[in-house]
Amino acid sequence: MSLSEVFISFLEYKARNGLSIRIQQEYRRYFEVILHLLGDKPVDQVTRKCLKGVIQAYSKMPKRNLGEYRNLGIEELVKVDVPIDHRVAPKTVGQVKKLLHGIFVHAVYELEVVESSPAIDLKVNLKANTTFAAFNDSDIRKLLAVLSNQKKEWHKWVLLLGIYTGARRGELIKLCSRDVKRDEVTGRYYIMITDEYGSVKTEGSIRQVPMHSELLRAGFINFSSSRSGVLFPELKQQQVTSWFMRLRDSLDIPSVDDYGNRKVFHSLRHTFITKARSAGVSVDKVQQVVGHEKKGSGVTDRYTHRFPLGDVLDVVDVIKY
């Protein structure tokens with residue numbers, strides 16, 4: 001029997017024994033994801049390792065009642081980069097484990113199609129979740145090579161900004177024309193990331209990001225000065241995520257690295273930080289440019305103020321592909 005056949009039989013059995021309509025609907029929603037992750041394979045081919053992978057993947061999915069995820073299909077939901085505070089609750093993950101256990105108890109004792117359950121006492125370390133990968137230079141060059149082929153103007157600029165600023169997706173889509181400025185001391189253009197539109201995470205996220213020469217060469221100053229107010233007024237975070245995944249897949253860029261870490265839009269930020277650190281740039285300077293809180297120097301941190309723009313130019317100038 002296939003996994004879906006066993007599930008249908010399980011649900012019918014539970015309904016005859018009084019399972020409420022609400023719980024049946026919940027089980028169907030959970031199983032829709034399980035089936036996408038596992039495939040409709042013969043039930044006797046499902047292993048403990050498979051089920052642990054399902055639980056790990058489910059724990060990183062978004063709460064589907066949040067607006068930006070509500071209209072996404074399963075394929076997009078399991079790939080989207082989800083902030084920790086948007087992820088499903090531990091209780092939901094526990095319900096998925098309970099469902100898997102019930103399905104295989106049914107397969108063993110009611111249908112007798114497997115001899116033992118792979119879902120017994122599944123211990124999964126959810127703290128060991130995979131994270132985001134950095135792109136390699138070849139990946140980035142593939143992305144840069146198709147800039148001129150993109151259908152919408154924001155495709156080009158959000159991609160370039162992601163690659164050459166290391167800024168967060170939410171910060172980029174809230175940029176205004178007045179956030180593009182020129183430093184009087186160095187003569188260097190920079191982007192001022194603020195909390196005016198609620199797009200920054202912490203006080204340290206309010207910062208100046210020096211303009212990379214590639215953004216200047218691409219004409220970003222002219223583009224931003226031609227706009228009034230928000231540069232991308234209709235753009236939503238989820239649009240960026242969905243478009244970027246399609247672009248990545250069309251270029252045959254792997255969706256994960258060798259360690260199982262995901263390659264998504266947020267990976268551009270990881271790539272920027274990794275590039276700067278590997279080039280030997282001071283971690284304090286990198287933290288300031290990408291908006292990470294500075295920690296680790298004890299009381300000295302209280303006496304260390306923001307570096308002037310001229311002192312952090314090397315953070316972006318070392319970024320080359």
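Structure's up top.
Residues numbered from 1 in each chain as written. Predicted model: local features only at pLDDT ≥ 70, side-chain atom pairs only at ≥ 80, totals over all residues. Heavy atoms only, no water.

Chemist: I'd like a description of the side chain of Arg-168, backed by residues and values.
Modeler: Looking at the secondary structure, you find Arg-168 in the loop between helix H7 (153–165) and helix H8 (169–172). Classification of Arg-168 as buried rests on a relative accessible area of 11%. (Helix = DSSP H or I, 4+ residues; strand = E, 2+ residues; numbered from the N terminus. Buried < 20%, exposed > 50% of the residue type's maximum accessible area, 1.4 Å probe, protein only.)

Chemist: Just give me the short version of helix H5 (residues 90–109), but keep the residues and values in it.
Modeler: In this model, H5 (20 residues) spans 29 Å end to end at C-alpha, consistent with the 28 Å of a helix rising 1.5 Å per residue. Among the residues of H5, Val-93, Val-96, Leu-99, Leu-100, Gly-102, Ile-103, Phe-104, His-106, Ala-107 and Val-108 are the ones counted as buried. Looking at the buried positions of H5, the neighbouring elements they touch are helix H1 (3–16), helix H2 (21–38) and helix H3 (48–59). (Expected span 1.5 Å × (residues − 1). Contact = heavy atoms within 4.5 Å.)

Chemist: An account of unusual backbone geometry is needed here, citing residue identities and associated values.
Modeler: One non-glycine residue with positive phi stands out, namely Glu-112, at about 55°. Checked against the element boundaries, Glu-112 lands in the loop between H5 and helix H6 (137–145). You can call Glu-112 exposed: its relative accessible area is 65%. In this model, Asp-121 sits at a positive phi of 50°, which is unusual for a non-glycine residue. In this structure, Asp-121 sits in the loop between H5 and H6.

Chemist: Give a detailed account of the pattern of salt bridges, specifying residues and quantitative values.
Modeler: Should the charged atoms of two oppositely charged side chains come close, the side chains can pair. Taken as a whole and judged by the stated rule, the model has 12 salt bridges. One salt bridge in this structure joins Glu-171 and Arg-168, with 2.7 Å as the shortest N-O distance. Each member of the pair, Glu-171 together with Arg-168, is buried. Residue Arg-217 is joined to Glu-214 by a salt bridge in which the shortest nitrogen-to-oxygen separation is 2.4 Å. One end of the pair is Arg-217 and the other is Glu-214, both in helix H9 (residues 213–218) and three residues apart, which spans about a single turn. Given a relative accessible area of 30%, Glu-214 falls into the partly exposed group. Here the salt bridges share partners, and the residues they tie into one network are Arg-168, Glu-171 and Arg-207. (Salt bridge = Lys/Arg side-chain N within 4 Å of Asp/Glu carboxyl O.)

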